[in-house]
Amino acid sequence: MSDAEYVERTFVALKPDAVKRGLVGEITSRFEDAGFKIMGMKMVQATDQLLEQHYAEHVDKPFYDGLAGFMKSGPVVAMVLEGVHAAENLRKIVGDTDASEAHPATIRGRYGHMSMDYADDAGRHYKNLVHASEPGEAEEEIEIWFEESELHEYDHSQDEHAR
Ligand code: UDP
Ligand code: MG
């Protein structure tokens, strides 16, 4: 297999709770520590139109309005990361959608503990810090959030040492 069959880009967004809690640096470091290469990064105030594209599979679900409200409650930090099986590996680092079930070594498990049931019953937004594309959906999400000109090719020490 060639490098191209393993190395891929994926899309990650630090949600408004991560930004407001001052965890941008810490979370980004975990991606860098794992050897991912940052290809693009920017702060974005999400709009309804952007979120309807990004969460197309969830638009008709009962939790969508709350999710959209939360995602618009502050800026997000959008990034494109490159690495070996990046989408699958990033989702492992991010952890289970429900922080109450996420392993404590994951981002959602380390920086959160609430269950989605609690949020639903308490009428609160469910805040789980990070979005990471599912395998097979990354390129589509990158296109929704980034212009190709905002992504950067460069030599990174990880190219030689961490993969
Ligand atoms: N979500 C929610 N309530 C639910 C299910 C999902 O608020 O009952 C939100 C949550 O922020 C989640 C996002 O919708 O991260 C997308 O859901 P998905 O099942 O795709 O989880 P993810 O891929 O983010 O782990
Ligand atoms: Mg998802």
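Everything quoted here is computed from the prediction, not taken from an experiment.

Novice: For this particular structure, what's the right way to read helix α3 (residues 24–33)?
Specialist: Note: α-helices contain 3.6 residues per turn, so residues at a spacing of three or four share the same orientation. Every buried residue of α3 is listed here: I27, T28, R30 and F31. In an axial view of α3, the angular spread of the buried residues amounts to 150 degrees, which keeps them on one side of the axis. G35 sits one or two residues past α3 and shows a positive phi near 100 degrees.

Novice: Help me out: how do you make sense of the site of ligand 1 in this one?
Specialist: Every residue close to ligand 1 is listed here: K15, Y55, H58, F63, L67, R91, T97, R108, M116, Y126, N128 and E134. One nitrogen or oxygen atom from the side chain of R91 is found 3.0 Å from an oxygen atom belonging to ligand 1. Relative to its unbound accessible area of 500 Å², ligand 1 is 83% covered by the protein chains. Comparing atom positions with the cavity grids shows ligand 1 to sit within the largest pocket.

Novice: What exactly am I supposed to notice about the pairing of strand β1 (residues 7–14) here?
Specialist: Where a strand is regular, its side chains alternate between the two sheet faces. Burial analysis of β1 places seven of its eight residues in the buried class, the great majority of the element. Sheet topology note: the β1/strand β3 (residues 76–84) ladder contains eight bridges and is antiparallel. Across the sheet, the residue bridging to T10 is L81, located in β3. Taken together, the three bridges between β1 and strand β4 (residues 130–132) define a ladder with antiparallel strand orientation. Residue pairing in the sheet places L14 in a bridge with V130 of β4.

Novice: Before we go on, may I ask you to explain the pattern of salt bridges in this structure?
Specialist: In a structure, side chains of opposite charge can pair up when their charged atoms sit close to one another. Evaluation of the coordinates by the stated rule reveals seven salt bridges. Among the salt bridges present, the one from E26 reaches R110, with a minimum N-O distance of 4.0 Å. One end of the pair, E26, is in helix α3; the other, R110, is in helix α7 (residues 107–111), with 84 residues separating them in the sequence. E26 gets classed as partly exposed once you look at its relative accessible area, which sits at 40%. Between D48 and K72 there is a salt bridge; the shortest N-O distance is 2.7 Å. With a gap of 24 residues between them, D48 in helix α4 (residues 48–54) and K72 in the loop between α5 (64–71) and β3 connect regions that are remote in the sequence. A relative accessible area of 31% places K72 in the partly exposed class. Overlapping salt bridges bring together R9, E139 and E148 as one network.

Novice: Sorry, what's going on with the layout of surface pockets here?
Specialist: To find leftover empty space, one rolls a probe the size of a water molecule over the atoms. If you add up the space inside the largest pocket, you get close to 740 Å³. In this structure, the largest pocket is lined by 30 residues; those nearest its centre are Y55, H58, F63, L67 and T97. Secondary structure elements with two or more residues in the lining of the largest pocket: α4, α5, α8 (116–122), β4 and α9 (138–145).

Criteria and thresholds
- All residue numbers refer to position in the chain's written sequence, counted from 1.
- The lettering of chains begins at A and the numbering of ligands begins at 1, in the order of writing.
- In keeping with the predicted nature of the model, local features appear solely for residues at pLDDT of at least 70, side-chain atom pairs appear and are counted solely at 80 or more, and the whole-chain, interface and lining totals rest on all residues.
- Side-chain numbers come from the whole structure's heavy atoms, not from hydrogens or water.
- Here the term buried applies to any residue with accessible area under 20% of the maximum for its type, exposed to any over 50%, and partly exposed to those in between, with areas from a 1.4 Å probe on protein chains only.
- Comment: elements are numbered from the N terminus, with helices defined as DSSP H or I runs of at least four residues and strands as E runs of at least two.
- Think of the arc as the fan of directions from the helix axis to the C-beta atoms.
- Throughout, the term near means that a residue has one or more heavy atoms lying within 4 Å of the molecule or strand in question.
- Counting of polar contacts relies on pairs of N or O atoms within 3.5 Å, with two restrictions inside protein: one atom must be capable of donating a hydrogen and the other of accepting it, and residues adjacent in sequence are counted only when both atoms are side-chain atoms.
- To be clear on the numbers: accessible area is Shrake-Rupley with a 1.4 Å probe, and residue cover counts the displayed protein chains and nothing else.
- Here a cavity means grid points, on a 1 Å grid over the protein atoms only, where a 1.4 Å probe fits yet cannot get out; a pocket means an open set of points with protein on both sides within 12 Å along at least five of seven lines; lining residues are those with an atom within 4 Å of a point.
- Each molecule is assigned to a cavity or pocket provided more than half of its atoms lie within 2 Å of the corresponding grid points.
- Here, strands pair whenever DSSP counts at least two bridges between them.
- We define a salt bridge as a side-chain nitrogen of Lys or Arg found within 4 Å of a carboxyl oxygen belonging to Asp or Glu.
- Grid points are joined across faces, edges and corners, and a volume is the space filled by probe spheres set on the points.

Function-wise, these values are silent; they only describe arrangement.
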